[in-house]
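Structure assessment
So you can see what is in the structure, the chains are spelled out below.
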Amino acid sequence: MSFFMSGFFWFLEGALFCIFILAVRAWAEDRSIPMPYWKWISLIVWVFFVGFTLAFIGTSFGEGEPAAAIRGGILFGVIAIISGVGLWRLLKIGNIPGEEEFATATEE
Amino acid sequence: MSDSKPAFNVDRRKFLKVGGATGAAVGGLGMGLFGYAAGKDPNSYLGWQTYEGVNQFFNRKRYEVDKPTYISSGTPRRVDPRVDQIFERRGRFMMQYMRGRQQGLSGPDMFEEPLRSYYRENPEVLELDILNVEEIQPKQRVDSRIYGQQFLLAEAWANAMGAVGPRGPQGPPAENDFPRQRRMMGSRMPGGDQPQGDMPTPPTVRNESGQVDLKDPVQTARLIKKIAHELGSTLVGITKLNPDWVYGYPIRGRGFENLDEPLEIPEHWEYAIVVGTPMSWDPMYANPTYGTSSDAYSRSRIVAARLEAFIKTLGFPARTHVPGTSYDLMVPPIAIDAGLGEQGRHSVMITPELGSNIRPAVITTNIPMAVDKPIDFGVQDFCKHCKVCAENCPSGAIPMGDKVEINGYLRYELNQEKCQNFWNSCLGSMGCRICIACCPYTRKANWLHRTALNVTANDPTNISDKVLTSLQKSFYPGPDPLEYFMPSMGGSNASYREPPWWLKAEDFIHFTPGTGVGP
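Residues numbered from 1 in each chain as written. Chains lettered and ligands numbered in written order. Predicted model: local features only at pLDDT ≥ 70, side-chain atom pairs only at ≥ 80, totals over all residues. Heavy atoms only, no water.

1. Some points on the overall build of chain A
From N to C terminus, chain A includes 4 helices and 0 strands. Going residue by residue from the N terminus, the α and β elements of chain A occur as α-α-α-α. Put simply, chain A has 108 residues, and 34% of those count as buried. For chain A, long-range pairs separated by at least 24 residues make up 63% of all intrachain contacts whose partners lie at least 6 apart in sequence. Per element, the accessible surface of chain A, about 6400 Å² overall, is 75% carbon and sulfur. (Helix = DSSP H or I, 4+ residues; strand = E, 2+ residues; numbered from the N terminus. Buried < 20%, exposed > 50% of the residue type's maximum accessible area, 1.4 Å probe, protein only. Contact = heavy atoms within 4.5 Å. Areas by Shrake-Rupley, 256 points an atom, 1.4 Å probe, with all protein chains shown as cover.)

2. Let's talk about the pairing of strand S3 (residues 271–277) of chain B
Burial analysis of S3 of chain B places 7 of its 7 residues in the buried class, the great majority of the element. Here S3 of chain B shows no split at all, with Tyr 271, Ile 273, Val 275 and Thr 277 of chain B on one side and Ala 272, Val 274 and Gly 276 of chain B on the other all buried.

3. Side note on the sheet that holds strand S8 (residues 404–406) of chain B
Residues and elements named next belong to chain B. On the basis of which strands lie adjacent, the open sheet formed by 3 strands has the order S1-S9-S8 and antiparallel pairing. Of all the strands in the sheet, just strand S1 (71–72) and S8 have a single pairing partner and so form its edges. Note: S1 against strand S9 (residues 409–411), 2 bridges, orientation antiparallel. Residue pairing for S9: Ile 71 is matched across the bridge by Leu 410. (Pairing = 2+ DSSP bridges.)

4. Some words on empty space enclosed by the protein
By rolling a water-sized probe across the atoms, one finds the places where empty space is left. Residues and elements named next belong to chain B. Throughout the structure, instances matching the rule amount to 2 cavities of 30 Å³ or more. One number sums up the size of the largest cavity: a volume of about 80 Å³. Arg 345, His 346, Ile 350, Phe 382, Cys 383, Cys 386, Lys 387, Cys 389, Cys 439, Pro 440 and Tyr 441 together form the lining of the largest cavity. Here the lining of the largest cavity is composed, by residue class, of 8 nonpolar, 1 polar and 2 charged. Of the voids in this model, the second largest cavity is the one considered here, and its volume is about 70 Å³. What lines the second largest cavity is Thr 69, Tyr 70, Gln 343, Gly 344, Gln 380, Lys 403, Leu 410, Arg 411 and Tyr 412. Among the residues making up the lining of the second largest cavity, the classes are represented as 3 nonpolar, 4 polar and 2 charged. (1 Å grid on protein atoms, 1.4 Å probe; cavity = no way out; pocket = protein on both sides within 12 Å on 5 of 7 lines; lining within 4 Å. Points joined across faces, edges and corners; volume = space filled by probe spheres on them. Nonpolar A, V, L, I, M, F, W, Y, C, P; charged D, E, K, R; others polar.)

5. Some remarks on the packing of aromatic side chains
Inspection of the entire model under this criterion finds 38 aromatic pairs over all chains. A centroid spacing of 5.4 Å and a plane angle of 70° characterise the contact between Phe 4 of chain A and Phe 9 of chain A, whose relative ring orientation is edge-to-face. Its relative accessible area of 23% is what places Phe 4 of chain A among the partly exposed residues. Classification of Phe 9 of chain A as buried rests on a relative accessible area of 4%. Seen in terms of ring centroids, Trp 281 of chain B and Tyr 285 of chain B are 6.2 Å apart; in terms of plane orientation they differ by 45°. Their pairing is tilted. With Trp 281 of chain B and Tyr 285 of chain B both in helix H9 (residues 281–285) and 4 residues apart, the pair spans about one turn of that helix. Accessibility assignment for this pair places Trp 281 of chain B and Tyr 285 of chain B in one class, buried. Over the ring of Tyr 476 of chain B we find Arg 443 of chain B; its NZ or CZ atom is 4.7 Å from the centre of that ring. (Phe/Tyr/Trp six-rings, centres within 6.5 Å; stacked < 30°, edge-to-face > 60°. Lys NZ or Arg CZ within 6 Å of the ring centre and 35° of its normal.)

6. Considerations on the layout of surface pockets
For the second largest pocket, the calculated volume is near 880 Å³. Along the walls of the second largest pocket sit 32 residues, with Phe 17, Phe 20, Trp 46 and Val 47 of chain A together with Ala 24 of chain B positioned nearest its centre. Elements with a contribution of two residues or more to the lining of the second largest pocket: helix H1 (7–30), helix H2 (37–62) and helix H3 (66–91) of chain A together with helix H1 (12–40) of chain B.

7. Quick look at the sheet that holds S3 of chain B
Residues and elements named next belong to chain B. With respect to topology, 4 strands assemble into an open sheet ordered S2-S3-S7-S4, the strand pairing being antiparallel. At either end of the open sheet lies a strand with only one pairing partner, and these are strand S2 (235–240) and strand S4 (318–321). The sheet shows a mean angle of 20° between the axes of neighbouring strands, direction not considered. (Axes fitted to C-alpha atoms, helices over the stretch in contact; angles between N-to-C directions.)

8. Side note on the interface of chain B and chain A
Listed as interface residues are 33 residues of chain B and, on the opposing side, 35 residues of chain A. Of the roughly 2900 Å² buried between chain B and chain A on both sides combined, carbon and sulfur atoms contribute 69%. Linking chain B to chain A there are 4 salt bridges. Here Lys 17 of chain B ties to Asp 30 of chain A by a salt bridge, and the two come within 2.6 Å at their closest N and O atoms. Taken together, the connections running from chain B to chain A amount to 12 residue pairs in polar contact (both at pLDDT 80 or more). Going through the elements one at a time, H1, helix H16 (447–458) and helix H17 (463–475) of chain B are the ones with two or more residues in the side of chain B that touches chain A. Looking at the side of chain B that touches chain A residue by residue, the class counts come to 15 nonpolar, 12 polar and 6 charged. (Buried area = accessible area lost by both parts, 1.4 Å probe. Salt bridge = Lys/Arg side-chain N within 4 Å of Asp/Glu carboxyl O. Polar contact = N/O pair within 3.5 Å; in protein donor to acceptor, adjacent residues only side chain to side chain.)

9. Quick look at the nonpolar core
Residue and element names in this part refer to chain B. With 107 residues, the main nonpolar core has Ile 273, Val 275, Leu 307, Ile 311 and Phe 377 as its most contacted residues. Examining the composition of this core, we find that 6 residues originate from one element, helix H10 (residues 294–313), more than from any other. Sequence-distant contacts of Val 275, that is, excluding residues within four places in its chain, are made with Ala 228, Ser 233, Leu 235, Val 236, Ser 300, Val 303, Ala 304, Leu 307, Arg 359, Pro 360, Ala 361 and Ile 363. (Core = buried A, V, L, I, M, F, W, Y, C linked by side-chain atoms within 4.5 Å.)

10. Side note on the state of the cysteines
Residue and element names in this part refer to chain B. Overall, the coordinates contain 0 disulfides over all chains when judged by the stated rule. With no disulfide of its own, Cys 426 lies closest to Cys 432 among cysteine sulfurs, the gap being 5.4 Å. Its sulfur unpaired, Cys 438 is 6.2 Å from the next cysteine sulfur, which belongs to Cys 389. (Disulfide = S-S within 2.5 Å.)

Have a look at this one:
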């Protein structure tokens, strides 16, 4: 069995996902961006969609369907980029201007 | 006091954020590599030389229904294979057509009954049957000489797979189906050897007919299914035999003497066990030129013959029905009754595991078993919208319209003649199977296609059917249907997908100049 189909691979993916979530939390705190539950859900859904897109491209190449990989990659990729931009704007909702600089100065 | 060394001050929050960004990138790359591994995974070649692929079996329980998804719409009529079954009819046609032509006859008068009446009622069928003999086959022979070398390995592969197969029935059901009288483990069969001298009489497990005393039909069904899998079947289901599916007349090669005498359904054809195996996936996708049905039919035939022997050893009658040794009945509706799948627009059964890529065989018997329920996993609604098979069919045999009544049942009407005429025009291993290859359900068992299957099977709104159909059409395009034809008919011998490397004859065989590889 390929390493990428093994349970250990999914364990590593889970660990990386946790680090990513912690990093987002730190990033939001540093910028004084409130992160209510709906922002977390939107973010996680988007991350899963990006993961799906990448897995779709890989699977299609793997099973000998390059047309599906390219066309699906473009379609889902464009959706991921557009929704990513929307998500970025959503995440910033509630940001208090100037708080970021204040927090940085306090740390120093 | 000042420190002489510069402080190595690591900002932990910054480190965490950089780590998170790196983790996201590595995780994303991992998803892509996982996908690639899943696409290449040998386990996704479901049912090919193994019946133990990962996630092989679809959980049918929640999709079970009391009645099959085909609809009874009138008085059922048993099929008359002498005219309705194209292989049987064309076998008779050939002999009578050649003789009639020598006698200077034309039209339906060239034929004996029942062909004469049939062709009078269906002149368009006669036209297509003649077209096959007079135009298509001669053209195919010429094209085969010019371009056939390209498909030499495919032909060899098909012949190899079809080379092994047990004999079919050697007599009518009353003679062939019952166990031979010979000594069996556990007791004596009726008329077998009597104990000699002071040999103790063994405890018997059989009744006077020589049949073992089975404890429970549910357990017997479980046993039969396990044995069928052990013998090599990918899928197996059990049903009571519906007499509507038995041919009205016997056909050649099944041990019947008089083929024009109606076939009486024997009492011991009470149950039907349906076994099935898929065609090798990569050649199957490279149809119509590189694939073959022989690989799957050969395996199904062997499984069926072995299962027949197993059942007979238990003292019960059994008879196999599978190509190579032919049938006394129609297999797809029986397989649908047995819960293996549903009938698609292309008239081929669609199973959840293998899609249309299944070649079934039936064993008729009366060994008491619990039967399976038919299933409804959304194929009827999906096929209504999809039409991928009809759009890709070069012969135009698959209808774009709605179901019509045929022999008392509503179904999509496949034009058998157009379908088989195209078969006969193909170079390579013979046959077409494009509708099987392009069917959205005929996908390897990986996470992507299994997810799509589960979405369609569980979506009551049918919105997913339309979405997935349009994705199928834009993501998985095939050649223009006209390209599938041989060059003399305006095509280029195209195949739905590239053949696997081991069927590309030009990579292994040195062709002499002038033979021409490809169009």
